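Analysis of the macromolecular model
Letter by letter, the chains look like this.
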Amino acid sequence: MALLWYICVALLLAGVTSALTGIRLRGGKHLYEGRIEVEHEGQWKAICDHGWNKNAARVVCRMLGYPDMLRYTKGKDRFGQITYDYWLDDICCRGDEESIEQCEHRDWGEHNCRRYNQAGVVCKLHLSESVTFAEPAKSMSEVLSMKVRLQGPIVDDYISEGVVQVEHEGKWGYICPSQWTQLNSYVLCGQLGFPNAEKLESHTETIQDVEPVYWLDQVTCKGWEASIVSCDNNHDLTPKQCEGGGAVRIECTRRREDKPLSIRLRSGAQMSEGRVEIKYKQSWGTVCDDHWTLKEAHIVCRSLGFGSAAAATRAAHYGKGVGKIMLDDVHCKGSERSITECRHHGWYKTNCDHYEDAGVKCHAPELQGHQIRLSGGGNPTEGRVEVFHDGKWGTVCADGWGIEEAMTVCRQLNLGFASKAVVEDNFGGEVLQVILSGVQCRVDAISIYKCEHDELENTTCSSKGRVAGVVCVDALPDIVPDVELLRKDIKMQSIPLEYLRCPLEENWLSESANNVRNTRYHSRRLLRFSVKTENQGLADFRPKFPKSEWQWHKCHKHYHSMETFTTYDLIGKESGEKVAQGHKASFCLEDTKCDPGYDKIFNCSEEGGQGISPGCYDIYNWKIDCQWVDCSDFSHGTFYLRVHLNPGNQVAESDFRNNVAKCSVYDYGNYIVTSKCRIEDCDSGVDTHGGNSAGNCCVFPFLYKRKLYHDCTMDGFTLKWCSTTFDFKKDGKWGLCYN
C-alpha cells in the first residue's frame, strides 16, 4: 500500500509543470549582478522588493548557477530602469528552496508595487570566476602546475641560483638546455619568486646523475607567462632524450630591501598577496578589476620585487579598500616597469566601487631551513607551535606571545591568518622541551626564526605550562574608521563636573578632575566627536573575550566587552607631544547601520552578543558619554586628534595598518576648526609621537650607527623609538613609537 502511495505521488509530481520558465539578471555591470526578471507565460517581468531579503536572494543566485549571494538590493538606484510590470510580490523564502516560485508569494501578476520597487541581487562568484590562475600551454594541457626547485647554495635563507629541477608524477627530473633563452630564465625565476634573472654566458651545467630524467625540452617562453607550464615545449611530459647532456642552470635576482613607495598590497595572509593599492598625489587608493588579468598582475608583482603573478583576483577578493579608486580598465603589454605605465582611463576616472577592488597573489621565494609545525590540534590548522633546532623538535615559550607572533606562524605554514594566539597548553599530545623564547614579531614578519628572540642556547620561560599555540583561519575582519564623519562631528563643549559622575568614577576624565572638591561649580572642556567603525573584511569582528569574562560597570549599568576598544590622543602639532588622551570601552559593539544588501546581526539590546558584521558599521555618536578627550588642563593651540581602533591588536584583523585616523584640530577656545582628516597609512604599521617628526611614520629598516633596525629600539634612548627616514645619521628625524 505504501509503495502504491509513493508511485501516485511521483506521478502527480511528474505532471506538475513549472509556471516559471526563465530567470535572468538585467542592468548590472557584471553578469553576476542586476535586477531580477522572471519569465512566465512567455513574458519577462520583474520581482517586487516587498519582503525581499538575503534568503530570497540566495535562492535566485543558486538558480543562476552561483554558489551563494553576496548582498541583495532594493529599488531602482542600484540597477536602474523603472517598471510597473511585476510577476511576483511579497516573496518569503526559507533560503533552501530550489526555485524562487517554491517560496511563498502572491499569485502571479498580483502586486501593489510602485515603479521603483525592483528586487536585485549581487551573487557570489565561484573561485574560478573571481581568481585567474595561469593556464598551461596546449602541449601540457593535462598539467595545471609543476613544482620547480633549484639545486644550489643556501644564502641568507634562500636558494637563488643553481641547477633547475622539475617534478612530475612524484619524480624529480631536469630541463634539457637546448635552445634555452634569457626569457625562459626570466619566467622560471618569476615562478620561483624572484623579480628577474641574471644574464649568463651559458645556461648549461654538467650533472652527476648516471641516468638523468629530462621532463622538459625545447622550452620557449615569451616572458609574460606565470610559470614554466604556460610556455611552449617539446610535446608532452614524457621522459626526453637530451642531446649534449647537462641541465639548465639559472641565477635569479633577489628582492631589494627598499620597497617602492607608490604601490603596496594589503589584507593578504602572505606579504606577497593582497588588494592592490597605489599612491597618487600623496593619497592611497585602489584599482578596479575591469580587465584585470594575469598580465596586469605580473607588472604589479614584479614591481614589488616578487616573482610573477600566481593569480589575479577580482570582486574584492581580499576585502574592500578605502580612499578613491585610482585606476580603471588597465591594459598592460607585459614589458612595463610599473602599473601606472600601462594604458588606463585616467586617474580617478572610473565607474567602479570598492566591491570591484583588484588584487594579486605573487610567487615568492621559499624559505630554506625554517622548519616549523603544529602539534596536538583537532585539525591541521591549529595546534602547539614546534620548531626544529640542532637535530630535534621543541616548543616555543608563550611569554609575550601575541597575535603578531601567531600571524607569523600561520603565514610561514601557508595556513592563512591567525585568529587566536594560544598562551596555555590547550592541545593534546606530548609537550616537548622549550627551545625558543622571547619571541617578538612585527606584523609583516615572514618567519618566526626572523623575529627577535632569545639566543637558542639561553631560553627562559615563566612556567612549564606557558606553551605557544595558534589557531589559523582563511578570513578575518578588517575595521576602518570613517574619517569624513570624524571631521564633521568634532566640537568643543564645556560641561559641569557634577553631570560627569560616571565618567569621573570610571577614570574617563583627566587626573586633575579627581582633585576638584566642589563639582557643582567646576566645568570640564571636552573635545567631542563621533567615531564610525566599518568592518570591510570578510569575517565578523568579535570581542576578544567571551561574555562570561566581560566586566560589569555599576555606574553606567552595562558590560564592557573590551575594556579599551579605541584610544584617543591629542598631540601638539609642533612638539609632537601628547597633551591629552582618552579611551573608549566597547560597552555596545553592534551593527548600528549596514550597507544596502547586508542585514544587521549584532544588537546590544538582544541576546546575539556583540560584534560588527562585514558590510556594517558601529557608530559612537559624539553625544555618548566618554566620547571625548578632556582638554581642561592645557591652553589653546594646534593639535592632531589621533583615533586608534583595536589598539594593541587585541582582536585579529587582516590589516592592522588602517586602524588609525588623524585630524588637524585648531582650538580657539570656545570653538574649533578641523581639517585634513585621513587614515594614517604607515607602511611600517607604526606611527610616532614626540621626537622631531610631528607624528610621522617609522621607516623600517632604518640605519643607525651602521646597523639596520627592523623594529623600534631602545638603543641610545630610554624609551622605544624609531627613525622616520632610512638614514638617521643623515636626516636626524625620529619619534617615540606607539604601542
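From a predicted model like this one, the values you see are computed outputs, not experimental measurements.

1. What to know about the UniProt feature "domain: SRCR" (unreviewed entry) in the protein
- In this structure's numbering, the residues bearing the UniProt feature "domain: SRCR" (unreviewed entry) are residues 23-124, 148-253, 263-363 and 372-473.
- Note that residues 263-363 is 10% helix and 29% strand, and that its end C-alpha atoms are spaced 17 Å apart.
- Its end C-alpha atoms 18 Å apart, residues 372-473 is made of 10% helix and 30% strand.

2. Some thoughts on the state of the cysteines
- If you walk through the whole model with that rule in mind, you get 17 disulfides.
- The side chain of Cys 288 participates in a disulfide bridge whose partner is Cys 352; the two sulfur atoms lie 2.0 Å from each other. With the S-S dihedral at roughly -75°, the linkage between Cys 288 and Cys 352 falls on the left-handed side. Pair noted here: Cys 288 is in the loop between strand E17 (283-287) and helix H5 (294-303) and Cys 352 is in the loop between strand E19 (325-327) and strand E20 (359-362), with a separation of 64 residues, a long-range link. One exposure class covers both Cys 288 and Cys 352, and it is buried.
- Cys 93 supplies the cysteine sulfur nearest to Cys 92, a cysteine that is in no disulfide, at a spacing of 6.9 Å.

3. Brief notes about the sheet that holds strand E41 (residues 688-689)
- Judged by pairing direction, the sheet is antiparallel, and its three strands sit side by side in the order E41-E45-E44 without closing on themselves. At either margin of the open sheet sits one strand with a lone partner, and together these are E41 and strand E44 (721-723).

4. What about the side chain of Arg 249?
- For Arg 249, the position within the fold is in strand E14 (residues 247-253).
- For Arg 249, a relative accessible area of 18% corresponds to the buried category.
- Within the local environment of Arg 249, its side chain forms a polar contact with the side chain of Glu 161, the two groups lying 2.8 Å apart.
- With residues near it in sequence (within four places) discarded, Arg 249 still touches Glu 161, Gly 162, Val 163, Leu 200, His 203 and Glu 205.

5. Description of the pattern of salt bridges
- One pass over the structure, following the stated rule, counts 37 salt bridges.
- Residue Asp 630 is joined to Arg 524 by a salt bridge in which the shortest nitrogen-to-oxygen separation is 3.0 Å. With Asp 630 in strand E37 (residues 628-630) and Arg 524 in strand E29 (residues 523-528), the pair connects residues that are 106 residues apart, well separated along the chain. Comparing Asp 630 with Arg 524, the two get one shared label, buried.
- A salt bridge links Asp 633 to Arg 524, with the shortest nitrogen-to-oxygen separation between them at 3.7 Å. Here Asp 633, found in the loop between E37 and strand E38 (637-645), pairs with Arg 524, found in strand E29; they are 109 residues apart in sequence, far enough to count as distant.

6. A short note on the pairing of strand E26 (residues 469-473)
- Pairing between strand E22 (residues 382-389) and E26: three bridges, direction antiparallel. By the bridge assignment for E26, Glu 382 is matched with Val 471.
- Taken together, the five bridges between strand E24 (residues 417-422) and E26 define a ladder with antiparallel strand orientation. Within the sheet, the bridge partner assigned to Ala 418 lies in E26 and is Cys 472.

7. Considerations on the packing of aromatic side chains
- Applying the stated rule across the entire model yields 20 aromatic pairs.
- Considering the side-chain rings of Phe 702 and Trp 721, the 5.6 Å spacing of their centres and the 45° angle between planes classify their relative orientation as tilted. Pair noted here: Phe 702 is in strand E42 (residues 702-704) and Trp 721 is in strand E44, with a separation of 19 residues, a long-range link.
- A ring pair is formed by Tyr 704 and Phe 728, whose centres lie 5.5 Å apart and whose planes are at 75°; its orientation type is edge-to-face. Here Tyr 704, found in strand E42, pairs with Phe 728, found in helix H9 (residues 728-731); they are 24 residues apart in sequence, far enough to count as distant.
- On the accessibility criterion, Tyr 704 (11% relative accessible area) is buried.
- Three or more aromatic residues link up through ring pairs in this structure, and these residues are Phe 700, Phe 702, Tyr 704, Tyr 709, Phe 717, Trp 721, Phe 728 and Trp 734.
- In this structure, Arg 302 packs its charged tip against the face of Tyr 186, placed 3.8 Å from the ring centre.
- In this structure, Lys 491 is placed above the aromatic ring of Trp 622, and the distance from its NZ or CZ to the ring centre is 4.7 Å.

What counts, and at which threshold
- Residues numbered from 1 in each chain as written.
- Predicted model: local features only at pLDDT ≥ 70, side-chain atom pairs only at ≥ 80, totals over all residues.
- Heavy atoms only, no water.
- UniProt positions renumbered as here; feature names shortened; annotations may be inferred.
- Helix = DSSP H or I, 4+ residues; strand = E, 2+ residues; numbered from the N terminus.
- Disulfide = S-S within 2.5 Å.
- Buried < 20%, exposed > 50% of the residue type's maximum accessible area, 1.4 Å probe, protein only.
- Pairing = 2+ DSSP bridges.
- Polar contact = N/O pair within 3.5 Å; in protein donor to acceptor, adjacent residues only side chain to side chain.
- Contact = heavy atoms within 4.5 Å.
- Salt bridge = Lys/Arg side-chain N within 4 Å of Asp/Glu carboxyl O.
- Phe/Tyr/Trp six-rings, centres within 6.5 Å; stacked < 30°, edge-to-face > 60°.
- Lys NZ or Arg CZ within 6 Å of the ring centre and 35° of its normal.

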